[in-house]
Amino acid sequence: METGFGKQLRFFTLWSLIANFVALIFLTLSSSFKIFDRAAPFIAISALMGLFTIILYWGLFFIDPTLVNYAGERLDFSREIYLHFAGPALLFFDAFFNCCCQTLSPAIKIGSIP
C-alpha cells in the first residue's frame, strides 16, 4: 500500500464523516443565525451519505471484513460501531427531527405550556 498524504481520502467513510461534521455545524448554527437555514439540501445529502455508509460498510463487513479494512489492520469494534453506525445514524435522526420540528405550526412549540 502507498503511504503518504491522501491515502485516507479514498474511503467513503471519511468523506461522509467530513460532511456529517459540516452538517452538524449547520444544524447547530441554524438555531442562532438565519443564514444557515438555507443549508437544508447539504444536510439532506450528508444524512444520505451517512445512511449509505451504514448500508455499504456493514454489508461488505458481514461478507468479508478484509473487504473494508486493510489486510492486518482492524479497528476495535467500538470504533467500528461509532464510525460506521452511530455517527451517521445520529446525524440522520438529528436532521429528521430538526426538519419535523421546523415544519410544525408556530402554535405548537416543543416544551411550551399552553
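Residues numbered from 1 in each chain as written. Predicted model: local features only at pLDDT ≥ 70, side-chain atom pairs only at ≥ 80, totals over all residues. Heavy atoms only, no water.

**Observations concerning the nonpolar core**
Part 1: In terms of nonpolar packing, the biggest core is built from seven residues, these being Ala23, Leu27, Ala39, Ile43, Ala47, Leu91 and Ala95.
Part 2: Dropping the residues within four chain positions of it, Ala47 is found in contact with Leu91, Phe92 and Ala95.
Part 3: Counting six residues, the second largest nonpolar core, distinct from the first, contains Ile54, Tyr57, Trp58 and Val68. (Core = buried A, V, L, I, M, F, W, Y, C linked by side-chain atoms within 4.5 Å. Buried < 20%, exposed > 50% of the residue type's maximum accessible area, 1.4 Å probe, protein only. Contact = heavy atoms within 4.5 Å.)

**Quick word on the side chain of Ser16**
Part 1: Structurally, Ser16 can be placed in helix α1 (residues 12–30).
Part 2: Overall, Ser16 belongs to the buried group, its relative accessible area being 1%.
Part 3: Residue contacts for Ser16: discarding those within four places in its chain leaves Met49, Gly50 and Thr53. (Helix = DSSP H or I, 4+ residues; strand = E, 2+ residues; numbered from the N terminus.)

**Digging into the environment of Leu17**
Part 1: If you trace the backbone, Leu17 turns up in helix α1.
Part 2: Sequence separation between Leu17 and Thr53 is 36 residues; the distance between their C-alpha atoms is 9.5 Å.

**As for the environment of Trp58**
Part 1: With respect to the helices and strands, Trp58 occurs in helix α2 (residues 40–63).
Part 2: When residues no more than four places from it in sequence are discounted, the contact partners of Trp58 are Thr53, Phe77, Glu80, Ile81, His84 and Phe85.
Part 3: Looking at Trp58, its side chain comes within polar contact range of the main-chain oxygen of His84, at 3.0 Å. (Polar contact = N/O pair within 3.5 Å; in protein donor to acceptor, adjacent residues only side chain to side chain.)

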